[in-house]
Amino acid sequence: MKILAIDTSSMISSCSIMEDGLVIGDYNVNQKKTHSESLLVMIDQLLDQLDMKISEIDLYAVCEGPGSFTGLRIGMTVAKTFAQVFDKPIVGVSSLAALANVINTDKKIIPLLDARGGRVYYSVFKNDGKLERLSKDDLCYIEDLLAALKDDEEYIFVGEGVRAYRDEIKELKNTSFANEALNNLLTRSICDIADRAQAYDNLYSLSPDYVRKSQAQRDLDLKNKNAD
């Protein structure tokens, strides 16, 4: 089975192709161009290098969030369009699950994405050979998350959010950090999760998981509330 994975949840545009359980190519670029300018070009170049046609892809896997609102919409639209045009299945994968998936440990894994304003997207996982979700993807202030951690548990943090709050996290004795190379979400992890998926998503109901409302929606809700 050939899987094309797409991630546009952050500043990095990323795509990978897995064939029969092995990642045979990937393309990751952190650049000033927008995802809409770079993603399709990257996919085309990757397929060309592998001497493969887009119609040969058997499954599309896409990062569903949380992450950049605009980025998530672009990646989701591209993946869903391909899946619809070529009548192939699609699966959405959490960005936090993909981060946790790259670490095998007996510690609890906390993937972090910076949500700005002192807030982080986070979740909690175990992965001692099989990835297990212990909490839903959520949003909170970093100080609230750290205050909730138990003294008798060991935690390992991973994700680009670690860079923003490393000093605060270091103050806790029962925490450690993943290697810096693992802090950027890579689509090869999304491929791996998709390859082991027990079920696929409905093409028409699959949508980005923002976890929180966009600023525009929050402003509209406030305006409507004040108008009541």
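(A) Summary view of the overall build of the protein. For the protein, the count of helices and strands is 7 helices and 12 strands. Here the C-alpha radius of gyration of the protein, 18 Å, is about what a compact globule of 228 residues would show, namely 17 Å. Along the longest, intermediate and shortest principal axes, the C-alpha atoms of the protein span 50 × 50 × 35 Å. Of all 228 residues assigned to the protein, the portion counted as buried reaches 45%. Once local pairs closer than 6 in sequence are excluded, the contacts in the protein between residues at least 24 apart make up 63%. For the protein, the distance from the average position of its 27 positive side-chain charges to the average position of its 36 negative side-chain charges is 4 Å.

(B) Region of the structure containing the environment of Leu 50. Considering the arrangement of structural elements, one finds Leu 50 in the loop between α1 (35-49) and β4 (59-65). The exposure class assigned to Leu 50 is partly exposed, which follows from its relative accessible area of 24%. For the pair formed by Leu 50 and Gly 25, sequence separation is 25 residues and the distance between their alpha carbons is 7.5 Å. Aside from chain neighbours lying at most four places away, what touches Leu 50 is Ile 17, Ile 24 and Gly 25.

(C) Local environment of the environment of Arg 166. Note that Arg 166 resides in helix α5 (residues 161-170). On a C-alpha basis, the gap between Arg 166 and Ser 176 in space is 9.8 Å, while along the polypeptide they are 10 residues apart.

(D) Quick look at the nonpolar core. Formed by 29 residues in total, the largest nonpolar core has its most connected members in Ile 3, Ala 61, Ile 109 and Ile 190. Elements with a contribution of two residues or more to this core: β1 (2-7), β4, α2 (69-85), β5 (90-94), α3 (95-100), β6 (105-116), β11 (155-158) and α6 (187-195). Sorting elements by how many residues they give to this core places α3 first, with 5 residues. If near-sequence neighbours (up to four positions away) are discounted, Ile 3 is found in contact with Ser 16, Ile 17, Met 18, Ile 57, Leu 59, Ala 61, Cys 191, Ala 194 and Asp 195. Core analysis: the next-biggest nonpolar cluster, separate from the first, contains 23 residues, Met 42, Met 52, Ile 54 and Leu 206 among them.

(E) Highlighting a negative patch on the surface. A surface patch of negative charge is lined by Asp 20, Asp 44, Asp 48, Asp 51, Glu 56, Asp 58 and Asp 195. Secondary-structure assignment places Asp 20 in the loop between β2 (12-19) and β3 (22-30).

(F) Highlighting the packing of aromatic side chains. For the structure on display, the rule yields 2 aromatic pairs. Arranged with centres 5.8 Å apart and planes meeting at 20°, the rings of Tyr 60 and Phe 82 form a pair that is stacked. Pair noted here: Tyr 60 is in strand β4 and Phe 82 is in helix α2, with a separation of 22 residues, a long-range link. As far as burial versus exposure is concerned, Tyr 60 and Phe 82 are alike and both buried. Over the face of the ring belonging to Phe 177 we find Arg 166, whose NZ or CZ atom lies 4.2 Å from the ring centre.

(G) Molecular detail of α5. Within the sequence span of α5, burial applies to Gly 161, Val 162, Tyr 165 and Ile 169. All buried residues of α5 fall inside an arc of 105° around its axis, so they share one side. Turned more than 90 degrees from where α5 packs its buried face, Asp 167 and Lys 170 sit exposed. The elements touched by buried residues of α5 are β6, β7 (119-122), α4 (142-148), β11 and β12 (175-177).

(H) Spotlight on the environment of Gly 129. Among the structural elements, Gly 129 can be located in the loop between β8 (125-127) and β9 (131-133). Expressed as a C-alpha distance, the spacing of Gly 129 and Asp 152, which sit 23 residues apart in the sequence, is 22 Å.

(I) Region of interest: the layout of surface pockets. In this structure, the largest pocket occupies an estimated 430 Å³ of space. If you go around the largest pocket, you meet 20 residues; those closest to its centre are Ser 9, Ser 10, Met 11, Arg 116 and Glu 160. No other element matches β6, which puts 4 residues into the lining of the largest pocket. Of the residues that constitute the lining of the largest pocket, the class distribution is 7 nonpolar, 8 polar and 5 charged. In this structure, the second largest pocket encloses a volume near 320 Å³.

Cut-offs applied
- Counting from 1, residues in each chain are numbered in the order their sequence is written.
- Given that the model is predicted, a residue must reach a pLDDT of at least 70 before its local features are reported, and side-chain atom pairs must reach 80 or more before they are shown or counted; all residues, however, enter totals for whole chains, interfaces and linings.
- Based on all heavy atoms of the structure, the side-chain values leave hydrogens and waters out of the count.
- Numbering of helices and strands runs from the N terminus; a helix is a DSSP stretch of H or I covering at least four residues, while a strand is a stretch of E covering at least two.
- Computation of the radius of gyration draws on C-alpha atoms alone. For the globule rule, the value is 2.2 Å times the number of residues to the power 0.38.
- Buried, partly exposed and exposed residues are distinguished by accessible area as a fraction of the type maximum, computed with a 1.4 Å probe on protein chains only: under 20%, between the cut-offs, and over 50%, respectively.
- Any two residues whose heavy atoms approach within 4.5 Å at even a single point are treated as in contact.
- When charges are counted, Lys and Arg contribute as positive and Asp and Glu as negative, whereas His and the chain ends are disregarded.
- Lysine's charge is taken at NZ, arginine's at CZ, aspartate's at CG and glutamate's at CD.
- The nonpolar core is taken to be a set of buried Ala, Val, Leu, Ile, Met, Phe, Trp, Tyr and Cys residues, with the residues joined through side-chain atoms within 4.5 Å.
- Two joining distances apply to patches: 9 Å for like charges and 5 Å for nonpolar side chains (Val, Leu, Ile, Met, Phe, Trp, Tyr), and every residue must have over 30% relative accessible area and no salt bridge.
- The method behind every accessible area is Shrake-Rupley, applied with a 1.4 Å probe, and residues are considered shielded solely by the protein chains displayed.
- The salt bridge criterion pairs a side-chain nitrogen of Lys or Arg with a carboxyl oxygen of Asp or Glu, the two atoms within 4 Å.
- Only Phe, Tyr and Trp rings are paired, with Trp represented by its six-membered ring, and only when their centres lie within 6.5 Å; those with planes under 30 degrees apart are stacked, over 60 edge-to-face, the remainder tilted.
- By the criterion adopted, a ring carries a charge over it if an Arg CZ or a Lys NZ lies within 6 Å of its centre and within 35 degrees of its normal.
- By arc we mean the arc of the directions from the helix axis to the C-beta atoms, nothing more.
- Buriedness for pockets is judged along seven lines, at least five of which must meet protein on both sides within 12 Å for an open set on the 1 Å grid over protein atoms alone, while cavities are sets there where a 1.4 Å probe fits but cannot get out, and lining residues have an atom within 4 Å of a point.
- Grid points are joined across faces, edges and corners, and a volume is the space filled by probe spheres set on the points.
- Each residue gets one label: Ala, Val, Leu, Ile, Met, Phe, Trp, Tyr, Cys and Pro are nonpolar, Asp, Glu, Lys and Arg are charged, and the others, such as Gly, are polar.

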